[in-house]
Amino acid sequence: PGSSLGLTVDYQFLHNWHLGTGILFSRKNYTARGLDYHVPDNYYRQNNLKPVDFVKGTMNMLEIPLNVRYDFSKTANTIFFASAGVSSYLFGNEHCNYYYDFFGREVCRDFHYSNTPNGLFATVDLSLGVEAGISNTVSVQVAPYMKLPTSDIGFGKVRMNSVGINFSVRYTPVI
């Protein structure tokens, strides 16, 4: 699994409606078949590689989400919500292990990339969640999510789907 850590800010613009953004440091782990990993022409030959069978990699990036949240059910201290939006990625570095056949033996070769192009609106974000208040200003949230790709990302231009669960602590100042 990957991980994300950061800070987000929500603004309530209508009753039950919130607009949110922030900045997250994200680490995405992936595995791609050779057919799904698209390197520049002649890349394998220039690096003395045969075409790869599969790639395992890690991308470190800054993620900038832009989401709209709707609170569809409220009880005493509990809110159920749905959110949708997009995320853009600013890439830091990428580490890959290429696995390929070398005269009947599977071998691995290690590569690092730091000039990976950024991904503007690279995913559509969908989530359902629950928020439980623990005081007048602090609550905890649990929200399963799905991120669907709108473009290929990383050096190998991978179509990366993500699923997971966001755990967060929310602070709402009383103004």
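Here, the structure is the one placed above.
A few points on the structure.

Before going further, it helps to spend a moment on a nonpolar patch on the surface. A grouping of Y11, F13, L14, W17, L19, L66, V68, Y70, F72, F80 and L128 is seen on the molecular surface, where their side chains present a nonpolar patch of about 1000 Å² in accessible area. Taken together, the elements giving at least two residues each to the nonpolar patch come down to β1 (3-14), β2 (17-33) and β3 (54-74). When residues in the nonpolar patch are grouped by element, the largest group, four residues, is from β3. The topology assignment puts L14 in strand β1.

Within the element layout of this structure, N16 appears in the loop between β1 and β2. Overall, the relative accessible area of 13% leaves N16 in the buried class.

Take the packing of aromatic side chains next. Tallying each qualifying case throughout the model produces 14 aromatic pairs. Their ring planes at 5 degrees and their centres at 6.3 Å tell us that F111 and Y113 sit as a pair that is stacked. Between Y113 and F155, the ring centres sit 4.0 Å apart and the planes meet at 10 degrees, which makes this aromatic pair stacked. Here the residue Y113 occupies a position in strand β5 (residues 105-113), and F155 occupies one in the loop between β7 (138-149) and β8 (162-171), the gap between them amounting to 42 residues. We note that Y113, like F155, is buried. Through successive ring pairs, a cluster of aromatic residues spans Y37, Y43, Y44, Y98, F111, Y113 and F155. Over the ring of F103 we find K50; its NZ or CZ atom is 4.9 Å from the centre of that ring. Stacked on the ring of F81, the Lys or Arg R69 has its end atom at 4.1 Å from the ring centre.

A word on the state of the cysteines. All chains considered together, the criterion is met by zero disulfides. No disulfide involves C96; its sulfur sits 10 Å from that of C108, the nearest cysteine. C108 gets classed as partly exposed once you look at its relative accessible area, which sits at 42%.

Conventions and cut-offs
Residues numbered from 1 in each chain as written. Predicted model: local features only at pLDDT ≥ 70, side-chain atom pairs only at ≥ 80, totals over all residues. Heavy atoms only, no water. Patch = residues over 30% accessible without salt bridge, like charges linked within 9 Å, V, L, I, M, F, W, Y side chains within 5 Å. Areas by Shrake-Rupley, 256 points an atom, 1.4 Å probe, with all protein chains shown as cover. Salt bridge = Lys/Arg side-chain N within 4 Å of Asp/Glu carboxyl O. Helix = DSSP H or I, 4+ residues; strand = E, 2+ residues; numbered from the N terminus. Buried < 20%, exposed > 50% of the residue type's maximum accessible area, 1.4 Å probe, protein only. Phe/Tyr/Trp six-rings, centres within 6.5 Å; stacked < 30°, edge-to-face > 60°. Lys NZ or Arg CZ within 6 Å of the ring centre and 35° of its normal. Disulfide = S-S within 2.5 Å.

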